[in-house]
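In case you want the letters, here they are:
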Amino acid sequence: MTDGWSIVESGFDVETNRAYEGLFTLGSGYLHVRGSLEEHLLQAPQNQEYVRMPANVTAEVFPDNKAKWGTYVPGVFGRHPWLNSEMVNLPWFLGLAPYVNGGKLDLEVANVRDHRRELDLRAAVLRRSVTWDTAAGAILHVTYEWFVSAARKHLCVQRMVVRTDRDVTVSVASLLDTDVRTNGHEHFTKVGMSHTGDPERPDLQAVVTTDTGDTVTVFSRVLAPQATWELDAGSRAGTLTGAFDLLPGQSLVVEKRTAVTTSRDLAPVEPSALLDSLSDLTYDDLLAEHTAVWASRWDAADVVIEGDARSQLAMRCSIYHLLRCHVPDDPRVAIDAKGAAGEAYFGRYFWDTEMNLLPFFLYTHPDKARTLADFRIETLDGARQNARGYGYPGARYAWESDARGIESCASWQYRDHEIHVTADIAYALAHYARATVDPAYLDGPAAELLVETARYWMARLSWRKGEDHPSLLGVMGPDEYCPISHNNSYTNRLVAHALKLASEHGQHGGASDEERTAFAKAAAGLPILRDPARKLVLQCEDFELLAEPDFDRTWTDRSKGYANNVSQERLYRTKALKQADVLMLMMLFPQEFSDEEVAAAWEYYLPYTTHDSSLSPGVHAILAARRLGKTDEAWAFWQDSAFMDLDGGAEQGIHIAGCGNNWQVAVFGFAGMSSAMHTDTLTLKPHLPPAWERLAFPIIWRGTPVYVDIVKGKARITNRGTAAIDASVAGERKTVPAGETAEFETR
Ligand code: BGC
């Protein structure tokens, strides 16, 4: 076990290499790099072309390879011939490998005594150490350390230190390779490799142009003792090799600095000039400014868990990736479903942004939440285009959005039917306005979006013969295994909420009084289906008509998700649920459902729920902890959610929505905090898991920074702001003056 801040890989297993590459992704928001081995592995080509088809990603089997390089700048999208827009995997620049007598360090082939890697979450630094018994007889001890600078978002800094037990000549090869693919596809229409031609100046540059016309420049410079560098450059890759004589007791220190820039940059910089401007700064200087930024991020967001080291590490791992993924000061992008750490979801933006990710930022870094909210406003034209494409007025947000807001989902089931995302966005904007006490947001920047999406909804509603209320027909709710359903309760409630917002704020977004009245009327009429006898909220009109899934017979391989066991049609014709649907609704609108209804929904839907989506366990954990007092279940679902990436699930990228959920489980679930959507008073109802002795975290409650500290039987709220706040803990209400701490009994 670690100190709660380090994820450690001891030894090396090629089978888990790709999962560690994903888990160890470093990034500045702007630039992200998977944690691949600097010397790479033999026979793990990165230019393999293969055909990826539209599919259910949850059940998709990805091509096997020992390693998967990934360099991503969110917003740099390319066009795939049938999968639409995808975030492009950019040239790989991490390559930095020692050779002795032509023999290369390779974790599978070379005689390696020990290998250790450690992601230091606090500093956002990846460290490695390897002891290598070279064929030449010398034992080399090699350490690597690198980071993507939080202080200078274009910059990645690597340092390799080599020590020896006897005299040896060590060659060092620095690689820059553009011969990479994204999901097996080539997105570069032009590639240019260049170098100074000066053997004393080990610089390499690659300029690539994507098939959508973006240009990306990657410029690497090696800093090392005096050497003559030999260049081996082809049209797609370049290697610079320098040789160094090393004596026992000496350290060979080689640094590699890389700057990545793109033609999309808001403040263009020239990468070589950027590196030139850093020539007076040492590795330690650059590291210090980087860790200082991370220290302030952690001050605003760290969740302390005492009594359970594994949960502590999982929580920090989630927060680390959330903080890494946010692109500072750039509302032209959001956070993609794999957290810029893999290509499975094409680098696209889903409802995950609004429902799973936004809350963490809203309550810890409202400025970062703002860019996520603004992203949808920035892409309103894309949403208008989507609506037109479907023959509707107004704006329809994409189920899978690219950076322009254009629908990029290649599977019709989700693309055509999973329309709730448009209403989730309105909910999120309202959440932003409430949590940051910025009501003017809805009357100002968000008003047009509210009106345009309401216009889409008005056209998307059906008025069936003989009924006096509107319906939403042919939708897919959050449960993706119920593809074309009618009056899905979740969707209806969220759409009614969006229409109501448009009726209240629409005059500022161009809606006439008549339109606003119609919005309000439709909002009031959209049904939430209930079976009063069973106190059951129905997922949709058709749910009861579906067949029983018979999991005992059909879910034979329990090590895999249900979707990997059965065909898609069986998912669709049975009551098997992919993820929380009615329960998600109850989490978002807790006051609208009685305790009996929540309990009935839990009892009814849970046995059908496969949790094939990583978004599901967190929602269940929150409801179990806060609403239902089901401590054991809350704990079990927390375990399912918390360790997804830590326990080997990050091959295709980070389950970033799950990371957002993990934070929500701690704060909304175990601390039982009510959302600012529903109350002005900081309200907590703590239910710590038996193993947890303490749960403590900072939060910004409607503009006031607060520190919440919960131990068994007690909670303390410290007001770090300048005005008093009202707080309620376990039913006891107090005013907490600025600068003071109030203590509450929680038993
Ligand atoms: C889930 C969706 C989610 C998407 C991206 C799917 O498997 O069912 O709810 O938005 O993954 O995370």
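Residues numbered from 1 in each chain as written. Predicted model: local features only at pLDDT ≥ 70, side-chain atom pairs only at ≥ 80, totals over all residues. Heavy atoms only, no water.

**Remarks on the overall build of the chain**
1) Next: Counting its regular elements, the chain contains 21 helices and 31 strands.
2) Next: At 27 Å, the chain has a C-alpha radius of gyration in line with the 27 Å of a compact globule built from 747 residues.
3) Next: Considered along the principal axes of its C-alpha atoms, the chain spans approximately 85 × 55 × 55 Å.
4) Next: Counting the 747 residues in the chain, one finds 63% classified as buried.
5) Next: Within the chain, counting contacts between residues at least 6 apart in sequence, those at least 24 apart form 67% of the total.
6) Next: Of the roughly 26000 Å² that the chain leaves accessible, carbon and sulfur atoms contribute 49%.
7) Next: Where the 73 positive side-chain charges of the chain centre and where its 101 negative ones centre are 3 Å apart. (Helix = DSSP H or I, 4+ residues; strand = E, 2+ residues; numbered from the N terminus. Rg over C-alpha atoms; globule rule 2.2 N^0.38 Å. Buried < 20%, exposed > 50% of the residue type's maximum accessible area, 1.4 Å probe, protein only. Contact = heavy atoms within 4.5 Å. Areas by Shrake-Rupley, 256 points an atom, 1.4 Å probe, with all protein chains shown as cover. Lys, Arg positive; Asp, Glu negative; His and termini not counted. Charge placed at Lys NZ, Arg CZ, Asp CG, Glu CD.)

**Let's talk about helix H19 (residues 631-642)**
1) Next: In this model H19 runs 16 Å from its N-terminal to its C-terminal C-alpha over 12 residues, within 8% of the 16 Å that 1.5 Å per residue would give.
2) Next: Taken together, the buried positions of H19 are Ala634, Phe637, Trp638, Ser641 and Ala642. Buried positions in H19, seen along its axis, are confined to an arc of 125° and lie on one side of it.
3) Next: Those residues of H19 hidden inside the fold are in contact with helix H4 (309-325), helix H17 (595-605), helix H18 (616-627) and helix H21 (656-670). (Expected span 1.5 Å × (residues − 1). Arc of directions from axis to C-beta.)

**With respect to the sheet that holds strand E3 (residues 32-33)**
1) Next: Read across the open sheet, the three strands follow the order E2-E3-E4; overall the sheet is antiparallel. The open sheet has two free edges, formed respectively by strand E2 (26-27) and strand E4 (71-72), since each of these has just one partner strand.
2) Next: Inspection of the sheet shows E2 paired to E3 by two bridges, in the antiparallel sense. Paired with Gly27 across the strands is His32, a residue of E3. (Pairing = 2+ DSSP bridges.)

**Brief notes about the state of the cysteines**
1) Next: Summed over the entire model, instances satisfying the criterion amount to zero disulfides.
2) Next: Cysteine Cys325 is unpaired, with the sulfur of Cys659 as its nearest cysteine sulfur at 7.7 Å.
3) Next: On the basis of relative accessible area, Cys325 is assigned to the buried category, the value being 4%.
4) Next: The thiol sulfur of Cys409 is not disulfide-bonded, and the nearest other cysteine sulfur, from Cys482, lies at 17 Å. (Disulfide = S-S within 2.5 Å.)

**Looking at the environment of His469**
1) Next: Counting through the fold element by element, His469 comes out in the loop between strand E21 (462-463) and strand E22 (470-471).
2) Next: A sequence separation of 53 residues divides His469 from Ala522, and the C-alpha atoms of the two residues are 7.5 Å apart.
3) Next: Residue contacts for His469: discarding those within four places in its chain leaves Ser462, Trp463, Gly525 and Pro527.

**Some words on the site of the ligand**
1) Next: In the vicinity of the ligand, the contacting residues are Thr58, Ala337, Tyr345, Phe350, Trp351, Asp352, Trp399, Glu480, Lys578, Gln579, Ser613 and Leu615.
2) Next: In the model, an oxygen atom of the ligand is placed 2.9 Å from a nitrogen or oxygen of the Trp351 side chain.
3) Next: Side-chain polar atom of Asp352 to an oxygen atom of the ligand: 2.5 Å apart, as the coordinates give it.
4) Next: In isolation the ligand exposes 310 Å². Once the protein is present, 95% of that is buried.
5) Next: A class-by-class count of the residues in the shell around the ligand yields six nonpolar, three polar and three charged. (Near = heavy atom within 4 Å. Polar contact = N/O pair within 3.5 Å; in protein donor to acceptor, adjacent residues only side chain to side chain. Nonpolar A, V, L, I, M, F, W, Y, C, P; charged D, E, K, R; others polar.)

**So, the pattern of salt bridges**
1) Next: For the structure shown, the criterion picks out 63 salt bridges.
2) Next: The salt bridge partner of Arg257 is Glu255, with a shortest N-O separation of 2.5 Å.
3) Next: A relative accessible area of 10% means that Glu255 is categorised as buried.
4) Next: Three or more residues joined by partner-sharing salt bridges are found here, namely Arg116, Glu118, Asp120, Arg127, Glu145, Arg159 and Asp284. (Salt bridge = Lys/Arg side-chain N within 4 Å of Asp/Glu carboxyl O.)

**Side note on the side chain of Asn17**
1) Next: Secondary-structure assignment places Asn17 in helix H1 (residues 17-23).
2) Next: A residue is classified by how much of its surface remains accessible, and Asn17, at 0% relative accessible area, is buried.
3) Next: Within the structure, Asn17 has its side chain in polar contact with the backbone oxygen of Lys66 (distance 2.9 Å).
4) Next: With residues near it in sequence (within four places) discarded, Asn17 still touches Phe12, Leu37, Leu41, Lys66, Ala67 and Arg117.

**Topic: empty space enclosed by the protein**
1) Next: Scanning all chains against the criterion turns up six cavities of 30 Å³ or more.
2) Next: Considered as a void within the structure, the largest cavity measures approximately 280 Å³ in volume.
3) Next: In this structure, the largest cavity is lined by 21 residues; those nearest its centre are Arg18, Tyr50, Pro63, Lys68 and Glu343.
4) Next: Here the residues of the lining of the largest cavity sort into six nonpolar, nine polar and six charged.
5) Next: Quantified by volume, the second largest cavity comes out at close to 170 Å³.
6) Next: For the second largest cavity, the lining is made up of 16 residues, of which Tyr427, Leu588, Gln664, Phe668 and Ser675 are closest to its centre.
7) Next: Elements with a contribution of two residues or more to the lining of the second largest cavity: helix H5 (352-364), helix H9 (420-435), helix H16 (582-588), H18 and H21.
8) Next: Here the lining of the second largest cavity is composed, by residue class, of 10 nonpolar, four polar and two charged. (1 Å grid on protein atoms, 1.4 Å probe; cavity = no way out; pocket = protein on both sides within 12 Å on 5 of 7 lines; lining within 4 Å. Points joined across faces, edges and corners; volume = space filled by probe spheres on them.)

On their own, these measurements won't tell you what the molecule is for.
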